[in-house]
Amino acid sequence: MSFTLPPLPYSHDALAPYMSRETLEYHHDKHHQAYVDTGNKLLAGSPFEGQSLEQVVTGSYGKNAPLFNNAGQHYNHLHFWKWMKPGGGGTKLPGDLQKKITDDLGSFDKMKEEFVQAGVGQFGSGWAWLAVKDGKIVVMKTPNGENPLVHGAKPILGCDVWEHSYYIDYRNRRADYIKAFLDHLVNWEYVEEMYKAASGHKAAA
Ligand code: MN3
């Protein structure tokens, strides 16, 4: 198996004004493509060749940093594009997700507050997450290409807080970018799909 870059699930203009065509051209077409190309070079001939992407990510963590960085970022970005949609965000979550977030994190607003804080508090490059750990939804943050998989949890929503994700549109205003991501971009149906898979229910078709 080698890594491939799927096209965006929407046009490069679809997320404006919250995420511009220019950002998506750099971020998807150039940055993600580079993780795929470099990852494939590092994967070839390594003991991880032929494994699933999740296996490469968890297996290379702490053992092969260059491969892990690129495979981790490939995994993170594959989902990141699907965690957004035009007209996303809002406050009505599908299925059990609203209740589960309220039960585990206090309220939807409290989750948003914690999520923004995780992204702002991540020093340098990294990601803010909602993940399922020990049956509960938790807010996490990770540096660089790490994700909840390597910390014993299953990611259900991730926001890229590397500068390449927001600097064209928001300059240094990382908090504004994360708030816009939550309010206008998140594809909660895809979050619910990952939540069901992570909590052992059958994934949505
Ligand atoms: Mn990125």
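Residues numbered from 1 in each chain as written. Predicted model: local features only at pLDDT ≥ 70, side-chain atom pairs only at ≥ 80, totals over all residues. Heavy atoms only, no water.

K.L.:
How should I be thinking about the overall build of the protein chain in this particular structure?
P.N.:
Per the secondary structure count, the protein chain includes eight helices and three strands. For the protein chain, the N- to C-terminal ordering of α and β elements is α-α-α-α-α-β-β-β-α-α-α. Here the C-alpha radius of gyration of the protein chain, 16 Å, is about what a compact globule of 205 residues would show, namely 17 Å. Oriented by its inertia axes, the alpha-carbon framework of the protein chain measures out at about 50 × 40 × 35 Å. Each of the 205 residues in the protein chain was classed as buried or not, and the buried ones make up 48%. Within the protein chain, contacts between residues at least 6 apart in sequence are counted, and of these 66% link residues at least 24 apart. Just so you have it, the protein chain exposes about 9,500 Å², and 52% of that area is on carbon and sulfur atoms. When the 21 positive and 23 negative side-chain charges of the protein chain are each reduced to one mean point, those points stand 3 Å apart. (Helix = DSSP H or I, 4+ residues; strand = E, 2+ residues; numbered from the N terminus. Rg over C-alpha atoms; globule rule 2.2 N^0.38 Å. Buried < 20%, exposed > 50% of the residue type's maximum accessible area, 1.4 Å probe, protein only. Contact = heavy atoms within 4.5 Å. Areas by Shrake-Rupley, 256 points an atom, 1.4 Å probe, with all protein chains shown as cover. Lys, Arg positive; Asp, Glu negative; His and termini not counted. Charge placed at Lys NZ, Arg CZ, Asp CG, Glu CD.)

K.L.:
Looking at this model, I keep getting lost on the domain arrangement of the protein chain. Mind explaining?
P.N.:
Reports often express the size of an interface as the amount of accessible area lost when the parts come together. When the domains of the protein chain are assigned, the result is domain 1 (21–82) and domain 2 (95–199). Between domain 1 and domain 2, the contact holds 19 residues from the first and 24 residues from the second. On inspection of domain 1 and its partner domain 2, the count reaches zero salt bridges. Listed by contribution, the elements that provide at least two residues to the side of domain 1 that touches domain 2 are α1 (21–43), α2 (53–60) and α3 (65–82). (Domains from an automatic or database assignment. Salt bridge = Lys/Arg side-chain N within 4 Å of Asp/Glu carboxyl O.)

K.L.:
Hey, could you run me through the packing of helix α4 (residues 97–105) against helix α8 (residues 188–198) in this one?
P.N.:
The geometry of a pair of packed helices is captured by two quantities: the angle between their axes and the separation between those axes. Running from N to C, α4 and α8 point in directions that differ by 70°, and their axes come no closer than 11 Å. With respect to α8, the axis of α4 lies roughly perpendicular. Packed against α4, whose contacting residues are Leu-97, Lys-100 and Ile-101, the element α8 presents Trp-188, Val-191, Glu-192 and Tyr-195 at the interface. Its residues assigned to classes, the contact of α4 with α8 comprises five nonpolar, no polar and two charged. (Axes fitted to C-alpha atoms, helices over the stretch in contact; angles between N-to-C directions. Parallel < 35°, antiparallel > 145°, perpendicular 65-115°, else oblique. Nonpolar A, V, L, I, M, F, W, Y, C, P; charged D, E, K, R; others polar.)

K.L.:
In this structure, what is going on with the sheet that holds strand β1 (residues 126–133)? I would like to understand it.
P.N.:
The antiparallel open sheet is built from three strands, whose spatial order is β2-β1-β3. The open sheet terminates on both sides in strands that have one partner only, identified here as β2 (136–143) and β3 (154–160). Neighbouring strand axes in the sheet, compared pairwise and without regard to direction, differ in orientation by 25° on average. Against the sheet, helix α5 (residues 108–121) contacts β1, β2 and β3, and its axis sits at roughly 15° relative to β2. (Pairing = 2+ DSSP bridges.)

K.L.:
Teacher, can you tell me more about the pattern of salt bridges here?
P.N.:
Side chains that carry opposite charge are capable of pairing whenever their charged atoms lie near each other. The final tally for this structure, using the stated rule, is 10 salt bridges. Measuring nitrogen to oxygen at the nearest pair gives 2.7 Å for the salt bridge that ties Arg-21 to Glu-25. In this pair, Arg-21 and Glu-25 both sit in helix α1, four residues apart, roughly one turn of the helix. Take Arg-21: its relative accessible area is 36%, and that puts it in the partly exposed class.

K.L.:
Looking at this structure, how should I read the packing of aromatic side chains?
P.N.:
The geometry of an aromatic ring pair comes down to the distance between the two centres and the angle between the two planes. Within the structure shown, the criterion is met by 12 aromatic pairs. In this structure an aromatic cluster arises from ring pairing among Phe-80, Trp-81, Trp-83, Phe-115, Trp-127, Trp-129, Phe-181 and Tyr-190. (Phe/Tyr/Trp six-rings, centres within 6.5 Å; stacked < 30°, edge-to-face > 60°.)

K.L.:
Can you help me understand α8 in this one?
P.N.:
Residues that lie three or four places apart on an α-helix share one face, since the helix turns once every 3.6 residues. Considered for burial, the residues of α8 that qualify are Trp-188, Tyr-190, Val-191, Glu-192, Met-194 and Tyr-195. Turning to α8, the residues buried within the fold contact α3, α4, α5, β1, β2 and β3.

K.L.:
Is there a simple way to think about α1 in this case?
P.N.:
Taking 1.5 Å per residue as the helical rise, α1 with its 23 residues ought to reach 33 Å, and the 31 Å between its terminal C-alpha atoms agrees with that figure. Those residues of α1 that fall on the buried side of the exposure criterion are Thr-23, Leu-24, His-27, His-28, His-32, Tyr-35, Val-36, Gly-39 and Leu-43. Elements in contact with the buried residues of α1: α2, α3, β3 and α6 (167–170). (Expected span 1.5 Å × (residues − 1).)

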